[in-house]
Amino acid sequence: MSEEIFSKVHGVLAEINAAAPSNESELEQFRIKYLGSKNTLKPLFGEIRNIAPERKGEYGQLVNSLKQAAEAKFNVLKSTLSNKADAQESEGLDLTAPGLSRRLGARHPISATQDKIISIFGRMGFAVAEDREIEDDWHNFTAMNTPEDHPARDMQDTFYLRDYPKRLLRTHTSSVQSRTMKANKPPIRIIAPGRVYRNETISARAHCQFHQVEGLYIDKKVSFADMKQTLLFFAKEMYGPDSKIRLRPSYFPFTEPSAEMDVSCFICDAKGCSVCKYTGWVEILGCGMVDPEVLKNCDIDPESYTGFAFGMGIERQAMMRYKINDIRLLFENDVRFLKQFQSVH
Ligand code: DAH
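Computed from a prediction, not measured in an experiment: that's the story for all the values here.

### Concerning helix H2 (residues 24-35)
Link 1 in the chain: For H2, which comprises 12 residues, the first-to-last C-alpha distance of 15 Å matches the rise-based estimate of 16 Å (1.5 Å per residue) to within 8%.
Link 2 in the chain: Every buried residue belonging to H2 is among Leu27, Phe30 and Tyr34, and all of these are buried. Seen end-on, H2 carries its buried residues on one side only, within an arc spanning 55 degrees. For H2, the exposed residues set more than 90 degrees away from the buried face come down to Glu24 and Gln29.
Link 3 in the chain: Here the buried face of H2 lies against helix H1 (2-18) and helix H4 (56-91).
Link 4 in the chain: If you check the start of H2, you find a side-chain oxygen 3.2 Å away from the backbone N of Ser25, and it comes from Asn23.

And the structure:
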């Protein structure tokens, strides 16, 4: 009986020594068979009961050597196999392949145009003022000399919030004028960029959301000539040193006198093209001397202070600069459109 068991154990030892797992899964099978929780060596350990007492020591050593042989083989094979895998991996590496390039973001044409406007006025000492898009009726209309029954309210179709007529989406950045004048004493010299909303039918030329930049300058003895010179400087910086401006009389409730400013067409050098509708001029902004009523509404004494204000849309200027023919492209965030502006500064 003992002899049989001894030769069985020798057989298993030979089996272990001969095993040659050549990949990860064969090695795993080897581990389960000889070292796992239900390994085939366990019953051999149990056989020790049936061994004659004088041979128990010999038998114990023999079965232990099985376990050691299995462990040693497993450890050696494990490290050779993982070295082999590493080597295979690096064999597949193509060190001459081009690197992965990072995709560059692009500035949105609206931001690029807005930043340029801000920087030009910044050089003339105008500080950026930003304020809320959800406004109250008073700051957007009443303070700006547009009381409730004023026909000029129809000029801007307004989105009201549910608590109508209390809150609304500002229809122009002129609301930042009243906010700033209420909170600060003159001299005031600010530029206010931001989003505005009007209930317009969306088309290639109009959108219900767009951007404006507002300007406001209040101090002692600010004149219409100051405004004209400031805006001429802006036009030359924005559209080239040969640009000319013209002011046409207009009407806004918050300015008196009011004007609209055209700049000589920079697309055709004022020779006439479809952008300027063959007039040589492109309308850029509305402006004027701040109405004394507006100053009063905002607690500034119109006897001591005067000022000028202006407001311009950004979309149309961006569309002209980058030859974009549909305003909706500016709000769709289609990357095929946006990535064309990667080199825009
Ligand atoms: N708020 C006017 C608009 O949205 C633009 C404007 C005109 C702003 C004249 C002004 C201004 O500050 O003086 O149509």
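From this point on, the discussion continues.
### Quick notes on H1
Link 1 in the chain: Look at H1: 24 Å from first C-alpha to last across 17 residues, which is about the 24 Å you get at 1.5 Å a residue.
Link 2 in the chain: When we look at burial in H1, the residues that qualify are Ser2, Ile5, Phe6, Val9, Val12, Leu13 and Ile16. On an axial view of H1, the arc spanned by its buried residues comes to 120 degrees, and they lie on one face. Facing away from the buried side of H1 by over 90 degrees, the exposed positions are Glu3, Glu4, Lys8 and Ala18.
Link 3 in the chain: If you follow the buried residues of H1, they end up packed against H2, helix H3 (42-46) and H4.

### Observations concerning the site of the ligand
Link 1 in the chain: The full set close to the ligand counts 16 residues, and His172, Ser174, Arg198, Gln212 and Glu214 are the nearest of them.
Link 2 in the chain: One of the backbone N or O atoms of Ala309 is found 3.2 Å from an oxygen atom in the ligand.
Link 3 in the chain: For the ligand, whose free accessible area comes to 360 Å², the fraction covered by protein is 91%.
Link 4 in the chain: With respect to the pocket detection grid, the ligand is positioned in the largest pocket.
Link 5 in the chain: Of all the secondary-structure elements, those providing two or more residues to the shell around the ligand are helix H7 (174-183), strand E5 (209-219), strand E8 (281-290) and strand E9 (306-313).

Cut-offs and rules
- Residues numbered from 1 in each chain as written.
- Predicted model: local features only at pLDDT ≥ 70, side-chain atom pairs only at ≥ 80, totals over all residues.
- Heavy atoms only, no water.
- Helix = DSSP H or I, 4+ residues; strand = E, 2+ residues; numbered from the N terminus.
- Expected span 1.5 Å × (residues − 1).
- Buried < 20%, exposed > 50% of the residue type's maximum accessible area, 1.4 Å probe, protein only.
- Arc of directions from axis to C-beta.
- Contact = heavy atoms within 4.5 Å.
- Polar contact = N/O pair within 3.5 Å; in protein donor to acceptor, adjacent residues only side chain to side chain.
- Near = heavy atom within 4 Å.
- Areas by Shrake-Rupley, 256 points an atom, 1.4 Å probe, with all protein chains shown as cover.
- 1 Å grid on protein atoms, 1.4 Å probe; cavity = no way out; pocket = protein on both sides within 12 Å on 5 of 7 lines; lining within 4 Å.
- Sits in = over half its atoms within 2 Å of the grid points.

Read these as spatial facts, not as claims about activity.
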